[in-house]
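Commentary on secondary and tertiary structure
Chain by chain, the residues:
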Amino acid sequence: MNLPADLNALSPEQLRTLAAQLIAQVQERDREIEEKAREVKENERELHYRQTRIEQLSHEIAVLKRQQFRRRSEQLSSEQMSLLNEAIDADLAAIELELEQLQPQAAADPSPRQPKRASLPAQLPRTEIHHEPDSTVCQCGCERVRIGEDISEKLDYTPGVFTVERHIRGKWVCKKCETLVQAPVPGHVIDKGIPTTGLLASVLVAKYADHLPLYRQEQIFARAGLAIPRSTLGAWVGACGAQLQPLVDALHQELLQQGVLHADETPVQMLSPGKGKTHRAYLWAYTPTHFSDLRAVVYDFADSRAGEHARTFLANWQGKLVCDDYGGYKAGFQQGITEIGCAAHARRKFFDLHANHSSHVAGQAMPFFAALYDIERDAAVLDTEERRKLRQSRAKPVCDALYEWMVAQRKLVSEGSAIAKALDYSLKRWEALTRYLDDGHVPIDNNWVENQIRPWAIGRANWLFAGSLRAGQRAAAIMSLIRSAQLNGHDPHAYLKDILTRLPTHKASDIAALLPHRWRPTVTVG
């Protein structure tokens, strides 16, 4: 601001006004300085994170490459070695993609030239896809002429048949102002890669839905006329896994908006790096109930069964959790989560004793559970409030009678006996087992999530073990999308092909629109 030449000529009121203006100006500059300081601090924090993460990933790459060179000394079968190889290849591709995203863009420092890629076999059928400008009229008003074209080829696959997409981009130039234009290169989930999104979707679905390891897919592709090395397939899987992760993160957040969730876990063998042995890791599954409008499941792969993994996944969520009696969930129940017991687990204790040991006492429990499940079949078609009323009128008296019977039997059986343990399991958790009576949103058991874990149990027979923690986490992420797509009635191949096509140009802020329960195809998919 301009100060008057003679301050003595100002009246007291004018001096007060001038002082107020100066104070406001100083305060505004202080705010600007504070904002700049915050920006600098945030930039320094971001730079520190990037540098730290780059160091971590670089170290991880070094470890993986050492495994590549010394893997022949591992005491593994040829089949196990193939599974290890594909895990390492996929891990390397995923890490390199993450490193590329962390590195600052350096336009002046071109990346080293990549070795020239071999041409796709000439005998494969080809489909031409032309990309031309929307208008051939130059800004100066002249008509452009076509002077050439750029051609790139991408490998496509439908079961048993390879084809090639020839993307032809015409070059158009204005003779007067010599301006050259071309249609832009379509975005692709693997930049400059040869596979179409259809081929990538085929590889992912075969590996994670049909449980075909990459070395078997390599053999299948060879029979179709083109042997794609498993190292290349592994790199594609790793890159796709990294690109799809934001979708899984968004699905995770939507899951935590539900008031009732199922949780369960199952063991999965994971290779211990450099030891040639496996140890027990765990796959955790979380899903809304079958009463919910949200059809989704999110898998979480962890290197142990420690309860901290469940607490990390659920974060600050404080709803009702349907689970078994595993102690890893107990800490959450002390932090606001409400425990919902599983009647199927309670029933199983008695059923096993009756079926395997002809226990007369255990057999007496079975009609009670049968009656409760008969009521649930009737309740399944009702709305939430009607379901609660039906349970109160019909299921609650059965539960009360079952409880009285259990208490009476517990006084008669020997301490430490199998039937005593079966009774104690239910009596100690009775409040959790009967909470479903008071809430129509809550299911009677945890069977729904156990059904969502079944694909992993089937897959274990084929892929034997997870090659690394990162490989297990990648499998959990991709299978979350595949299984959620199936729960919503989608063909997983069609779903993955479409979202892999749309991801490169889709707004990150609108990523939730691509989630399986909201997905609507916008392109022709096959």
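Residues numbered from 1 in each chain as written. Predicted model: local features only at pLDDT ≥ 70, side-chain atom pairs only at ≥ 80, totals over all residues. Heavy atoms only, no water.

Section: the overall build of the protein
Looking only at helices and strands, the protein features 15 helices and 9 strands. Within the protein, contacts between residues at least 6 apart in sequence are counted, and of these 66% link residues at least 24 apart. Within the structure as shown, the protein displays about 28,000 Å² of accessible surface, and the carbon and sulfur contribution to it stands at 51%. (Helix = DSSP H or I, 4+ residues; strand = E, 2+ residues; numbered from the N terminus. Contact = heavy atoms within 4.5 Å. Areas by Shrake-Rupley, 256 points an atom, 1.4 Å probe, with all protein chains shown as cover.)

Examining the nonpolar core
Core analysis: the biggest nonpolar cluster contains 82 residues, and Leu 244 and Leu 321 have the highest contact counts within it. The element that contributes the greatest number of residues to this core is helix 5 (residues 230-255), accounting for 11 residues. Not counting the four nearest positions on each side in its chain, Leu 244 is found in contact with Leu 204, Ile 478, Leu 481, Leu 496, Ile 499, Leu 500 and Leu 503. Among the nonpolar cores identified, the runner-up in size contains 37 residues, and Cys 342, Ala 379, Ile 419 and Ala 420 belong to it. (Core = buried A, V, L, I, M, F, W, Y, C linked by side-chain atoms within 4.5 Å. Buried < 20%, exposed > 50% of the residue type's maximum accessible area, 1.4 Å probe, protein only.)

Digging into the pattern of salt bridges
Under the definition given, this model contains 29 salt bridges. For Arg 166, the salt bridge is made with Glu 128, and the minimal N-O distance between the two is 3.2 Å. Of this pair, Arg 166 sits in strand 3 (residues 161-173) while Glu 128 sits in strand 1 (residues 126-131), placing them 38 residues apart in sequence. Among the charged side chains, a network of salt bridges with common partners joins Arg 126, Glu 128, Glu 153 and Arg 166. (Salt bridge = Lys/Arg side-chain N within 4 Å of Asp/Glu carboxyl O.)

Considerations on helix 10 (residues 384-410)
The periodicity of an α-helix, 3.6 residues per turn, causes residues three or four places apart in sequence to face the same way. Ala 395 marks where helix 10 bends most, by close to 45°; the proline Pro 397 follows one to four residues later. Those residues of helix 10 lying buried are Arg 387, Leu 390, Arg 391, Ala 395, Val 398, Cys 399, Leu 402, Trp 405, Met 406, Gln 409 and Arg 410. Residues of helix 10 that are buried in the fold lie against helix 8 (343-357), helix 9 (360-379), helix 11 (418-428) and helix 12 (430-434). (Bend = angle between axes of the 7 residues up to and from the residue.)

Considerations on the confidence of the model for the protein
Predicted confidence across the protein gives a mean pLDDT of 85, with 87% of residues reaching 70 or more. Here residues 106-110 is a poorly scored stretch, pLDDT under 50, and it has 0 contacts once near neighbours within four places are set aside; other chains count. (pLDDT = per-residue confidence, 0-100.)

With respect to the packing of helix 3 (residues 197-208) against helix 5
Between helix 3 and helix 5, the shortest axis-to-axis distance is 10 Å and the interhelical angle comes to 90°. The angle between helix 3 and helix 5 falls in the class roughly perpendicular. Here Leu 199, Leu 200, Val 203, Leu 204, Lys 207 and Tyr 208 of helix 3 lie close against helix 5, whose contacting residues are Leu 233, Trp 236, Val 237, Cys 240 and Leu 244. Taken together, the residues of the contact of helix 3 with helix 5 break down into 10 nonpolar, no polar and 1 charged. (Axes fitted to C-alpha atoms, helices over the stretch in contact; angles between N-to-C directions. Parallel < 35°, antiparallel > 145°, perpendicular 65-115°, else oblique. Nonpolar A, V, L, I, M, F, W, Y, C, P; charged D, E, K, R; others polar.)

Some words on the pairing of strand 2 (residues 145-158)
Two strands pair when backbone bridges link them, and strand 2 and strand 3 are joined in this way by 13 bridges, in the antiparallel orientation. Pairing of Ile 151 across the sheet is with Ile 168, part of strand 3. Counting the residues in the hairpin turn of strand 2 and strand 3 gives 2 residues, including Gly 160, whose phi is positive at 90°. (Pairing = 2+ DSSP bridges.)

Some points on the packing of helix 3 against helix 15 (residues 492-502)
With their axes 8 Å apart at the nearest point, helix 3 and helix 15 run at an angle of 135° to one another. In terms of orientation, helix 3 and helix 15 fall into the oblique class. In the packing of helix 3 onto helix 15, the handedness of the crossing is right-handed. Across the interface between the two elements, Thr 197, Gly 198, Leu 200, Ala 201, Ser 202, Leu 204 and Val 205 from helix 3 touch Pro 492, His 493, Leu 496, Lys 497, Leu 500 and Thr 501 from helix 15. Looking at side-chain class alone, the contact of helix 3 with helix 15 contains 7 nonpolar, 5 polar and 1 charged residues. (Left-handed = near helix turned anticlockwise from the far one by under 90°.)

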